[in-house]
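One letter stands for each residue in the lines below.
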Amino acid sequence: MNYQEKREQILKQIAQIDSMARGSMKAEYRETKRKDGEKVQLGPYYKHQRWDNGRNVTRRVPAEEAEQLKKAVDGYHRFLELADEFVAITVEMTQESGKA
């Protein structure tokens, strides 16, 4: 596969990403004791964390929104990976062509 084909393949993969959200998602659990002393795990509780204007912003996410937001976060991270690949291939292509 030549450079142009690799670049086109990456762009097609980027075009398939249908949602993005910056940050990360975590499922958290809490432990509590019942009246009989037995420990019980509660959760999961979902937390979305991101940087906004130099500040770490965290918010709780309702369970019914968690899966869709997780998909968007994964889409953003996949976009970053693909963009890095695109840059690497383009730099290599440029160097081999003698333009740089």
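Described in the following lines is the structure provided in the data block. (Residues numbered from 1 in each chain as written. Predicted model: local features only at pLDDT ≥ 70, side-chain atom pairs only at ≥ 80, totals over all residues. Heavy atoms only, no water.)

### Some remarks on the environment of T32
Tracing the chain through its elements places T32 in strand β1 (residues 24–33). The class of T32 is partly exposed, set by a relative accessible area of 35%. Placed 39 residues apart in sequence, T32 and K71 show a C-alpha to C-alpha distance of 30 Å. With sequence-adjacent residues up to four places away left out, T32 is seen in contact with E38, K39, V40 and L42. (Helix = DSSP H or I, 4+ residues; strand = E, 2+ residues; numbered from the N terminus. Buried < 20%, exposed > 50% of the residue type's maximum accessible area, 1.4 Å probe, protein only. Contact = heavy atoms within 4.5 Å.)

### A short note on the nonpolar core
If you look at soluble globular proteins, the nonpolar side chains tend to sit buried side by side. The biggest cluster of nonpolar side chains holds 7 residues, and these are A21, M25, V61, A66, L69, A72 and V73. If you tally residues by element for this core, the top one is helix α2 (residues 63–97), at 4 residues. In contact with A72, other than residues within four places in its own chain, are S19, M20 and A21. Judged by nonpolar contacts, the second largest core, of 6 residues, contains Y3, I10, I14 and L82. (Core = buried A, V, L, I, M, F, W, Y, C linked by side-chain atoms within 4.5 Å.)

### Quick word on the pairing of strand β3 (residues 55–61)
Two faces make up the sheet, and in a regular strand the side chains alternate between them. The sheet contact formed by strand β2 (residues 39–52) and β3 spans 7 bridges and is antiparallel. Bridging across to β3, R50 finds its partner in V57. Counting the residues between successive antiparallel strands, the hairpin from β2 to β3 contains 2 residues, one of them, N53, with a positive phi of roughly 50°. (Pairing = 2+ DSSP bridges.)

### Considerations on the pattern of salt bridges
Here the structure, examined in full by the defined rule, presents 9 salt bridges. A salt bridge links D74 to K70, with the nearest nitrogen and oxygen atoms 2.8 Å apart. In this pair, D74 and K70 are both assigned in helix α2, 4 residues apart and thus about one turn of the helix distant. A relative accessible area of 37% means that D74 is categorised as partly exposed. Where R78 meets E81, a salt bridge forms, and the shortest distance between an N and an O atom there is 3.0 Å. In this pair, R78 and E81 both sit in helix α2, 3 residues apart, roughly one turn of the helix. Exposure remark for R78: the relative accessible area of 31% places this residue in the partly exposed category. Judged by relative accessible area, E81 falls into the partly exposed class, the value being 44%. Taken together, the shared-partner salt bridges in this structure form one network comprising E28, K47 and R60. (Salt bridge = Lys/Arg side-chain N within 4 Å of Asp/Glu carboxyl O.)

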